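Letter by letter, the chains look like this.
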Amino acid sequence: MWLSLLVLALGAPAHAEPVDRLLYVVGDRIVTAGDLAFELDVDAHDASPIVALDAPDYPREQRVLDLTVIRALAGDTLIYRPSAEEVEGRWEAVRATWARAEDFEAFLARWGMDGDDLRGFLYSRMVVERYIRRVAGSVDVPVESPEFAVEYQRWITEIRSKVSFRRAP
């Protein structure tokens, strides 16, 4: 038996899986380099209806951290959940940004995803947008307007002050 284990151990090819790198701990959630890279990659294909989230002066890394906080705050509260039809519509819109189906499939493969994984990601994004609309929105300035960016930054700065952010070494 020992001999067979030794042969198995010596004869087995070495194989290492890529390991994602921890960047931040935000509250009780982690943000990895892969999370950030995926968010940046998908951004070109999924514009938010909340203009403040796509503002050019909003640092993308900070935005990912802020969206992580907001998603945690929204939790599984029913009023923030988009319907299956809304998620499917967003998924179709994202998919349509690729000229060829093969390019879309390559995007999913690059991230180790399938269509349902992307739907799950979009669902979470939509929960965050609904939370912002309901909690940070104002009657005077619609969240779809560029003017909302100032209000949003004021609001998210206050939210950030209540959450622990730790950068990984």
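Right above here is the structure, for reference.
On a predicted model such as this, the values are computed, not experimentally measured, just so you know.

Caption draft 1: Summary view of the overall build of the protein chain. Secondary structure assignment for the protein chain yields seven helices and three strands. Counting from the amino terminus, helix and strand elements in the protein chain follow one another as α-β-β-α-α-α-α-α-α-β. When burial is assessed residue by residue, the protein chain has 37% of its 169 residues classed as buried. Carbon and sulfur atoms make up 60% of the accessible area of the protein chain, which totals about 10,300 Å².

Caption draft 2: Fine view of the pattern of salt bridges. In the structure shown here, the tally under the stated rule is 20 salt bridges. Glutamate 39 serves as the salt-bridge partner of arginine 125, at 3.0 Å between the closest nitrogen and oxygen. Of this pair, arginine 125 sits in helix H6 (residues 115–136) while glutamate 39 is found in helix H2 (residues 33–43), placing the two residues 86 residues apart along the sequence. Here arginine 125 and glutamate 39 have matching classes, each one buried. Glutamate 102 serves as the salt-bridge partner of arginine 100, at 3.9 Å between the closest nitrogen and oxygen. Because the salt bridges share partners, they merge into one network encompassing Glu39, Asp43, Asp46, Asp54, Arg60, Arg63, Arg90, Arg125 and Glu129.

Caption draft 3: Molecular detail of the side chain of histidine 45. Structurally, the position occupied by histidine 45 is in the loop between H2 and helix H3 (60–74). Judged by its relative accessible area of 18%, histidine 45 falls in the buried class. Among the polar contacts made by the side chain of histidine 45, one reaches the side chain of threonine 97 at a distance of 2.7 Å.

Caption draft 4: Quick peek at the sheet that holds strand S1 (residues 22–26). If you trace the three strands from one edge of the open sheet to the other, you get S2-S1-S3, paired in antiparallel fashion. Two strands lie at the open edges of the sheet, namely strand S2 (29–32) and strand S3 (165–167), each paired on one side alone. Pairwise comparison of adjacent strand axes, ignoring direction, gives a mean angle of 20° for this sheet. With three bridges joining them, S1 and S3 adopt antiparallel strand pairing. The partner of tyrosine 24 across the bridge, within S3, is arginine 167. Where H2 meets the sheet, its contacts fall on S1 and S2, and the angle it forms with S2 comes to roughly 65°.

Conventions and cut-offs
- Residues numbered from 1 in each chain as written.
- Predicted model: local features only at pLDDT ≥ 70, side-chain atom pairs only at ≥ 80, totals over all residues.
- Heavy atoms only, no water.
- Helix = DSSP H or I, 4+ residues; strand = E, 2+ residues; numbered from the N terminus.
- Buried < 20%, exposed > 50% of the residue type's maximum accessible area, 1.4 Å probe, protein only.
- Areas by Shrake-Rupley, 256 points an atom, 1.4 Å probe, with all protein chains shown as cover.
- Salt bridge = Lys/Arg side-chain N within 4 Å of Asp/Glu carboxyl O.
- Polar contact = N/O pair within 3.5 Å; in protein donor to acceptor, adjacent residues only side chain to side chain.
- Pairing = 2+ DSSP bridges.
- Axes fitted to C-alpha atoms, helices over the stretch in contact; angles between N-to-C directions.
- Contact = heavy atoms within 4.5 Å.

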